[in-house]
Amino acid sequence: MVVTPWAVADEARLRLRGTRRVDVAVVGAGLTGLSAALELLELDPDLRVAVVDAAVVGAGASGRGTGLLGPRVGPALTRTRKRHGDDVARAAYLWSVSAVRHALDLVSRYEIACDLVPGSQLVVAADEAGARAQEAEAAAAHALGLPITLVTGNDLPPVAAGFASGLRYAPAATLDPAALTAQLARAGEKRGLTIYERTRVRRIRGGLLTSVVTDGGEIHADNVVVGTNAFGADLGVPRGVVGVTVQAGVTEPLPDAVLAEVAGLRTEPLIGAAELSPYYRLTEDRRLVVGGGVVRGGTAATAAPAPGRLRAAVRALSPALAGTRIEATWAGPVGMTTDGLPVVGRHPGDSSRYYAGGCNGHGLAVSLHSGAFLARWIVNGDKDELSFALPWVRSGAPWVPRGRLADRVLDRYLAHLTTAAGRRPTGPRTRGEERHGHP
């Protein structure tokens, strides 16, 4: 259940004091960093691995997500085919499917209690233009032999009757990301991982050994993994990833009559196709989780969500939800890139420094898989030719101008996307209504 995803310090975990020597130091105790640490210890149990975090385990995006685990990475298949060709487009999507399966395997193998509910995801188009884009995407998937299903007309589930069309993706699941993150940390500690909380990294210094310099000491390591997404800019990585704070909320428990109207969201969440569109899922305790839209100003810890937008999104989903109260809201950071692709790579000026970020809203599966990929890169070298051919294995994303003026322009653009994404058809379509402009 996701209601108040605030991470809490584990008093048994200490701040770093003094100097420590390890094989691999990991900066950031979120899904990327913990996945990398755990994979390192699975590959070589004798490795000395330490994780440091400025706050506590799961304090960033990993503990503030809404628990949507599904395939897709990067831009639409139609765009990826044009830019990179069919082979890369197919491999990229299949990598994202492997990312979902990797997450499910972690939950199973380590018996992680995180309210996991397997199912599918339905990405929905609000209008005829969006429906035409989904038709093109489904055609691209068919040409590539990928199992993505176009859903239209009477085949749309009742909760999606007001939308023009949908694309069904599987495998997928919903889960509690804060619980997942916390228990990955425990699993690593059982294998010998050391986690230092409340230990802010001031800089990473190269040399014969790479040094992670913190407020209270230093860690000297052969290799360093930085898993702070866009929020490690002071550490110099990754280039071209912009931090954006998005919002989410959760309703009060739904009564039986209302629950019946949206029951399908338990195994198949709805996700708006447009950038920053609303998305919805049900929790085990009968609550509706809703997300979508940016929060302007502040950080994930201090920014104030806009409950009015979330309430409007809830009401737009079904008339039965008109009187439903949002019980809690929160904000969380995501990393975005201008080309829509993550950054998973090695620092161009320091071959001992690895990093991942810029998941563009697909962080649950992509972060876990990217962290494990970096661990294999460190232990095994660059032997995985297929993974290294993927377009997000790179040292950085396209440059993004920053500064007061550029940030104001970005804020306005994101606000425009949030407003546009909130628009829905004015009323639900009847189940047999003809949709003009596409078959």
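Here the structure is shown first, and the text comes after it.
In this report, the structure presented in the accompanying data block is examined.

Rules of the game
Within every chain, residues take consecutive numbers counted from 1 along the sequence as written. The model is predicted, so local features are restricted to residues of pLDDT at least 70 and side-chain atom pairs to those at 80 or more, both for listing and for counting; the totals for chains, interfaces and linings are taken over all residues. Only hydrogens and water are removed before side-chain values are computed, so all heavy atoms of the structure are retained for them. Put simply, DSSP H or I for four residues or longer makes a helix, DSSP E for two residues or longer makes a strand, and each gets a number counted from the N terminus. Burial classes follow relative accessibility: with a 1.4 Å probe on protein chains only, a residue under 20% of its type's maximum area counts as buried, one over 50% as exposed, and anything between as partly exposed. When checking whether two residues touch, look at their non-hydrogen atoms; a contact exists if any pair is within 4.5 Å. Areas reported here follow the Shrake-Rupley algorithm with a probe of radius 1.4 Å; residue values treat only the protein chains shown as occluding. Salt bridges are defined by distance alone: a side-chain nitrogen of Lys or Arg within 4 Å of a carboxyl oxygen of Asp or Glu. N or O atoms closer than or at 3.5 Å make up a polar contact, with two conditions inside protein: a donor-capable atom paired with an acceptor-capable one, and, for residues adjacent in sequence, both atoms drawn from side chains. One bridge is not enough; two strands pair if DSSP finds at least two bridges between them. Ring pairs shown here join Phe, Tyr and Trp side chains whose ring centres sit within 6.5 Å, with only the six-membered ring taken for Trp; geometry is labelled stacked below 30 degrees between planes, edge-to-face above 60, and tilted in between. Residues belong to one nonpolar core when they are buried, are Ala, Val, Leu, Ile, Met, Phe, Trp, Tyr or Cys, and are joined through side-chain atoms within 4.5 Å. A helix is expected to reach a length of 1.5 Å times the quantity of its residues less one.

## Details of the overall build of the protein chain
Helix and strand counts for the protein chain come out as eleven helices and 17 strands. Burial status across the protein chain gives 55% buried among its 439 residues. Sequence-distant contacts, at least 24 apart, represent 77% of the contacts inside the protein chain between residues at least 6 apart. Total accessible area computed for the protein chain in this model is approximately 18,500 Å², and 52% of it derives from carbon and sulfur atoms.

## Topic: the pattern of salt bridges
In the structure shown here, the tally under the stated rule is 20 salt bridges. A salt bridge links R109 to E42; its shortest N-O distance comes to 2.7 Å. Here R109, found in helix α4 (residues 86-109), pairs with E42, found in helix α1 (residues 31-43); they are 67 residues apart in sequence, far enough to count as distant. Take E42: its relative accessible area is 24%, and that puts it in the partly exposed class. Among the ionic pairs, D256 bridges to R286, the shortest N-O distance being 2.5 Å. A residue pair is termed long-range when its members are at least 10 positions apart, and D256 in helix α7 (residues 256-262) and R286 in the loop between β13 (279-282) and β14 (288-294) qualify at 30 residues. Overall, R286 belongs to the partly exposed group, its relative accessible area being 30%.

## Considering the environment of S370
Of note, S370 is situated in helix α9 (residues 363-380). Beyond its immediate chain neighbours, meaning those up to four positions away, S370 contacts W95, V344 and A356. Only 2.7 Å separates the side chain of S370 from the backbone oxygen of V366, close enough to count as a polar contact.

## Notes on the side chain of T337
Take T337: it is sitting in the loop between β15 (326-336) and β16 (343-346). Of the polar contacts made by the side chain of T337, one reaches the backbone oxygen of L341; its length is 2.7 Å. Contact partners of T337, with chain neighbours within four places excluded, come to G240, V241, V343, G358, N360, R394 and A397.

## Observations concerning the pairing of strand β11 (residues 242-251)
By the criterion of burial, β11 is predominantly enclosed, with nine of the ten residues buried. As paired elements, β11 and β15 share ten bridges and run antiparallel to each other. Within β15, the residue paired with A248 across the bridge is W330. Of the pairings in the sheet, the one linking β11 to β14 comprises four bridges and is antiparallel in character.

## Here's the deal with the packing of aromatic side chains
With the rule as written, the count across this model stands at six aromatic pairs. Between F373 and F388, the ring centres sit 5.2 Å apart and the planes meet at 55°, which makes this aromatic pair tilted. Taken as a pair, F373 in helix α9 and F388 in helix α10 (residues 385-388) lie far apart in primary sequence, 15 residues in all. Cluster of aromatic residues (ring-pair linked, three or more members): Y354, F373, W377 and F388.

## Quick word on the nonpolar core
General note: in soluble globular proteins, nonpolar side chains tend to be found buried as a group. Judged by nonpolar contacts, the single largest core of 53 residues is most densely connected at L180, L184 and W392. Elements with a contribution of two residues or more to this core: β1 (18-27), α1, β2 (49-52), α4, α6 (177-190), β17 (353-357) and α9. If one sorts the elements of this core by residue count, α9 sits on top with nine residues.

## As for α6
For α6, built from 14 residues, the straight-helix expectation of 20 Å at 1.5 Å per residue is met to within 8% by its first-to-last C-alpha distance of 20 Å. All of the buried residues along α6 are P177, A179, L180, T181, L184, A185, A187 and G188. Considering only its buried residues, α6 is in contact with α1, α2 (61-64), α4, β7 (194-196) and α9. The opening residue of α6, the one whose side-chain oxygen lies 3.0 Å from the backbone nitrogen of A178, is D176.

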